[in-house]
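Summary of structural features
Residues per chain, in single letters:
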Amino acid sequence: PVPPSSPKSVPESVAVVVAALAQHEYLADEGLATAIFLSLNLHRPLFLEGEAGVGKTEVAKVLSRWLGGRLIRLQCYEGIDSAQAVYEWDYARQLLHLRTAEATGEVAGSTSAALETELYDPRFLIRRPLLEALSPTEGPPPVLLIDEIDRADEEFEAYLLEILSDFQVTVPEIGTIRAARPPRVILTSNRTRDLHDAVKRRC
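Parameters and conventions
Residues numbered from 1 in each chain as written. Predicted model: local features only at pLDDT ≥ 70, side-chain atom pairs only at ≥ 80, totals over all residues. Heavy atoms only, no water. Core = buried A, V, L, I, M, F, W, Y, C linked by side-chain atoms within 4.5 Å. Buried < 20%, exposed > 50% of the residue type's maximum accessible area, 1.4 Å probe, protein only. Helix = DSSP H or I, 4+ residues; strand = E, 2+ residues; numbered from the N terminus. Contact = heavy atoms within 4.5 Å. Pairing = 2+ DSSP bridges. Axes fitted to C-alpha atoms, helices over the stretch in contact; angles between N-to-C directions. Phe/Tyr/Trp six-rings, centres within 6.5 Å; stacked < 30°, edge-to-face > 60°. Salt bridge = Lys/Arg side-chain N within 4 Å of Asp/Glu carboxyl O. Parallel < 35°, antiparallel > 145°, perpendicular 65-115°, else oblique. Nonpolar A, V, L, I, M, F, W, Y, C, P; charged D, E, K, R; others polar.

**Here's the deal with the nonpolar core**
Soluble, globular proteins show a tendency: their nonpolar side chains are buried together. Ranked by internal contacts, the top residues of the largest apolar core, which has 32 residues, are L74, V86, L130, I146, F156, L160 and L187. Looking at this core, the elements that each hand over two or more residues are β2 (71-75), β3 (87-89), α7 (129-134), β5 (143-147), α8 (154-166), β6 (168-171) and β8 (184-189). Leave out the neighbours within four places in its chain, and L160 touches L130, I146, I149 and L187.

**Observations concerning the sheet that holds β5**
The strand order β1-β8-β5-β2 describes an open sheet built from four strands, whose pairing is parallel. Two strands bound the open sheet, and with one partner strand each, they are β1 (46-49) and β2. The average undirected angle you get between the axes of adjacent strands in this sheet is 15°. On the sheet, α8 packs against β2, β5 and β8 and is oriented at approximately 160° with respect to β8.

**Regarding the packing of aromatic side chains**
Scanning all chains against the criterion turns up two aromatic pairs. Relative to Y120, the ring of W89 has its centre 4.9 Å away and its plane inclined at 85°; by these criteria the two rings are edge-to-face. Taken together, the residues W89 in strand β3 and Y120 in the loop between α6 (112-119) and β4 (125-127) connect sequence positions 31 residues apart. The buried category is assigned to W89, whose relative accessible area is 5%. Taking relative accessible area as the criterion, Y120 reaches 26% and is therefore assigned partly exposed. With 6.5 Å between their ring centres and 45° between their planes, F156 and Y159 make a pair best called tilted. Taken as a pair, F156 and Y159 lie in helix α8 at a separation of three residues, close to a single helical turn. Owing to a relative accessible area of 3%, F156 belongs among the buried residues under this scheme.

**Remarks on the pattern of salt bridges**
Counting across every chain of the model gives eight salt bridges. Residue R70 is joined to E132 by a salt bridge in which the shortest nitrogen-to-oxygen separation is 2.9 Å. Pair noted here: R70 is in the loop between α3 (56-67) and β2 and E132 is in helix α7, with a separation of 62 residues, a long-range link. Accessibility expressed as a relative area gives 49% for R70, which makes it partly exposed.

**Here we look at the packing of helix α1 (residues 14-23) against α3**
For any two helices packed against each other, one specifies the crossing angle of their axes together with the interaxial distance. For the pair α1 and α3, the least separation of the axes is 10 Å and the interaxial angle reads 95°. Taken as axis vectors, α1 and α3 run roughly perpendicular relative to one another. Along its contact with α1, which presents V17, A20 and L21, the element α3 presents V62, L63 and W66. Here the residues of the contact of α1 with α3 are counted per class, giving six nonpolar, no polar and no charged.

**With respect to unusual backbone geometry**
In this structure, H43 takes a positive phi of about 55° despite not being glycine. Within the secondary structure, H43 sits in the loop between α2 (30-42) and β1. The exposed category is assigned to H43, whose relative accessible area is 52%. The backbone of E148 sits at a positive phi, close to 55°, despite the residue not being glycine. Position of E148 among the secondary structure elements: in the loop between β5 and α8. Here E148 falls in the buried class, since its relative accessible area comes to 18%.

So, in structure tokens, the structure goes:
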């Protein structure tokens with residue numbers, strides 16, 4: 001059987017999950033261990049709902065340590081949008097690059113299309129948690145914690161559902177970024193509002 005601490009494969013049984021979590025100082029009951037077992041084996045997001053302070057966020061931290069993947073956390077709040085969750089452009093660096101090009105005379109010999117291509121280079125892209133979790137990485141897939149999703153509004157919830165369905169994001173200036181190995185996803189809710197059934201069905 002696979003050792004409880006092995007990050008190289010999915011667990012073979014619920015007992016393996018219980019033992020692995022215990023090794024990392026998290027005592028899980030059979031229900032939670034079964035949910036984690038199914039999530040890992042079916043490659044589906046894990047949805048944890050309950051009162052604040054019962055250990056939902058800690059599950060993500062423990063899974064990160066056990067599986068060896070980096071923990072990436074998206075803290076949800078009212079009004080969160082794609083700029084805070086997915087990506088935005090570093091306008092200050094783009095402007096600095098443009099001024100440097102003007103100072104060195106590079107602008108004079110460049111077309112507007114060439115300049116625009118330079119400005120929307122991936123090096124000027126600020127990767128927020130969702131895009132970071134989908135980006136190529138060495139080692140085990142990351143563990144993406146989407147914390148307190150119930151604090152976000154329904155529009156963001158629908159947008160998030162779309163990303164979790166295909167594990168890809170389209171940046172118009174660059175193209176589609178698709179996860180070669182989808183992250184392990186954990187969503188938490190403190191029950192401040194009811195989530196849409198579509199989110200629960202996806203998990």
